[in-house]
Structure formats: structure tokens, C-alpha cells
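Spelled out, the chains give:
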Amino acid sequence: MSYGVAMTARARSGERRAEIVLAALEVIAERGYRGASLAAVAERVGLTQQGLLHHFPTKEALLVAVLGERDRWDAIPGTQWRVDLLAALVEYNAMRPGIIQTFSALLGESVTEGHPARDYFGERYARVRASVTGALRAEYGDRLPNGLAPERTAPLLVAVMDGLQYQWLLDPESVDMPGAFRDFLTLLGERPAG
């Protein structure tokens, strides 16, 4: 096989994997991780289950790819989060309910013993708290205007973000997720936007 043919085959395989990951996101959003089957994902992309297993040998491998893709969308390359960018992330999330629904469903399921995403979410929350702590320290120093240290405030800020997502998913007409998050930032000492 020539180099050019190998590169084309690899590119097609990468495109197919990306298509499978997006289909898995949709199926998980609709049915939850435990209710999502490889057969349902395969059907959505026009593959047999065996064809899907060529790209992702297990359901857990597909889940890891889904979670990795979601994190990749939220990444800010080469920089650390800033408090104002957290508000922008909340606004961005309000434009993609399917992704947020999938993330929230997986997060809820992952608290059960033996769930394949349990370690992923535990490690992810440790990274997120550390990143938010760094953003708060860069913005405010060792104490926020409310008197709390960044390490004490970071878990609260993350809890507000996730809690608002659940409320918004349940009642998007009544919960202004970006507006409520901006209101929370005023409690930290941020000036309201606008």
C-alpha cells in the first residue's frame, strides 16, 4: 500500500470515528449510558455492530472517546481559564443542549459504583477545581472580595455551573443559565457585564 493510500484510509477512518462519536453522543443523550447500545450507535451511522467494533472495541472505549471529544470542545488551547471566560463557557453551553444533556446524564450515572466513567469524572473535577482556583487566584489574589480563598470558592463555582445546567435542562424557559451565572459572579466581586 502506498503512503498516499494509507493516509487517505487513515483520514477516512478518522472521519468515521468522529461520526460514530457524534452518534454516540446523541444516543447517550436520548437513552443514558446504560440504555445506549453499540447496536443503536452502529445503526445511526449505517454500520453493523461488528463494523463499529472495528473502530471502538468496547462500549467503554466509545464512552472515553465521547467524553474526550466533549472536553476537547471546551478546551482553551495554550491558556488558563479566566473568570470572564467561564461566563462565556456558560453562554456557549446554553447553545448546545444535546451535549450538556449527555454530559449531565453521564455525570449522574457515574456516581454509581463500577460505572466506567466514575474515574474520568473524579479526575476531571480535580482538574477543573484546580483550573478554577488558578483563574480565581489570577483575578483576585489570595482572597476574593467576599473573603474566601480561591481554593474554597472554586468548588462552589463549579457546583453553581453544574447545578444551573441541571435546572436549565429541566426547565429552559424558566432558568436563564447565563444570566444566573453572571449574577453569581457578582457575589464573587465581578462587575456585571453590559
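About the cut-offs
Residues numbered from 1 in each chain as written. Predicted model: local features only at pLDDT ≥ 70, side-chain atom pairs only at ≥ 80, totals over all residues. Heavy atoms only, no water. Core = buried A, V, L, I, M, F, W, Y, C linked by side-chain atoms within 4.5 Å. Buried < 20%, exposed > 50% of the residue type's maximum accessible area, 1.4 Å probe, protein only. Helix = DSSP H or I, 4+ residues; strand = E, 2+ residues; numbered from the N terminus. Contact = heavy atoms within 4.5 Å. Axes fitted to C-alpha atoms, helices over the stretch in contact; angles between N-to-C directions. Parallel < 35°, antiparallel > 145°, perpendicular 65-115°, else oblique. Salt bridge = Lys/Arg side-chain N within 4 Å of Asp/Glu carboxyl O. Expected span 1.5 Å × (residues − 1). Arc of directions from axis to C-beta. Left-handed = near helix turned anticlockwise from the far one by under 90°. Nonpolar A, V, L, I, M, F, W, Y, C, P; charged D, E, K, R; others polar.

### Brief notes about the nonpolar core
Thinking step 1. Judged by nonpolar contacts, the single largest core of 51 residues is most densely connected at Val-41, Leu-62, Phe-121, Leu-136, Leu-157, Phe-181 and Leu-188.
Thinking step 2. Mapped onto this core, the elements with two or more residues apiece are helix 1 (3-35), helix 2 (38-44), helix 4 (59-74), helix 5 (83-93), helix 6 (97-110), helix 7 (118-140), helix 8 (150-170) and helix 9 (177-188).
Thinking step 3. Apart from the residues within four sequence positions on either side, Leu-188 is in contact with Leu-136, Tyr-140, Leu-144, Pro-145, Asn-146, Thr-153 and Leu-157.

### Digging into the packing of helix 6 against helix 7
Thinking step 1. Between helix 6 and helix 7, the shortest axis-to-axis distance is 9 Å and the interhelical angle comes to 105°. When the axis of helix 6 is compared with that of helix 7, the two are roughly perpendicular. Packed against helix 6, whose contacting residues are Phe-103, Leu-106, Leu-107 and Ser-110, the element helix 7 presents Arg-118, Phe-121, Arg-124 and Tyr-125 at the interface.

### Structural notes on the pattern of salt bridges
Thinking step 1. Counting across every chain of the model gives 7 salt bridges.
Thinking step 2. Between Asp-84 and Arg-82 there is a salt bridge whose closest N-O contact spans 2.8 Å.
Thinking step 3. Counted as one network, the salt bridges with shared partners bring together Glu-26, Glu-30 and Arg-44.

### Re the environment of Pro-97
Thinking step 1. You can see Pro-97 is positioned in helix 6.
Thinking step 2. Its relative accessible area of 43% is what places Pro-97 among the partly exposed residues.
Thinking step 3. Along the backbone, Pro-97 and Leu-169 are 72 residues apart, and their C-alpha atoms lie at a distance of 7.3 Å.
Thinking step 4. Those residues in contact with Pro-97 that sit more than four places away from it in its chain are Trp-168 and Leu-169.

### So, helix 8
Thinking step 1. Over its 21 residues, helix 8 extends 30 Å from the first C-alpha to the last, a length consistent with the 30 Å expected when each residue adds 1.5 Å.
Thinking step 2. Looking at helix 8, one finds that the buried residues are Pro-150, Thr-153, Ala-154, Leu-157, Val-158, Met-161, Asp-162, Leu-164, Gln-165 and Trp-168. With its buried residues spanning 165° around the axis, helix 8 presents them on a single face. For helix 8, the exposed residues lying more than 90 degrees away from the buried face are Arg-152 and Leu-170.
Thinking step 3. Residues of helix 8 that are buried sit in contact with helix 5, helix 6, helix 7 and helix 9.

### So, the packing of helix 5 against helix 9
Between two packed helices, both the angle of their axes relative to each other and the distance between the axes serve to describe the pair.
Thinking step 1. Orientation of helix 5 relative to helix 9, taken along the N-to-C sense of each, is 160°, at an axis distance of 8 Å. With respect to helix 9, the axis of helix 5 lies roughly antiparallel. As helix 5 runs across helix 9, the sense of the crossing is right-handed. When helix 5 is examined against helix 9, the residues Val-83, Leu-86, Ala-87, Val-90, Glu-91 and Asn-93 are found in contact with a partner set consisting of Met-177, Pro-178, Phe-181, Arg-182 and Leu-185.
Thinking step 2. Tallied by class, the residues present in the contact of helix 5 with helix 9 amount to 8 nonpolar, 1 polar and 2 charged.

Such coordinate-based values are descriptive only and should not be taken to indicate function.
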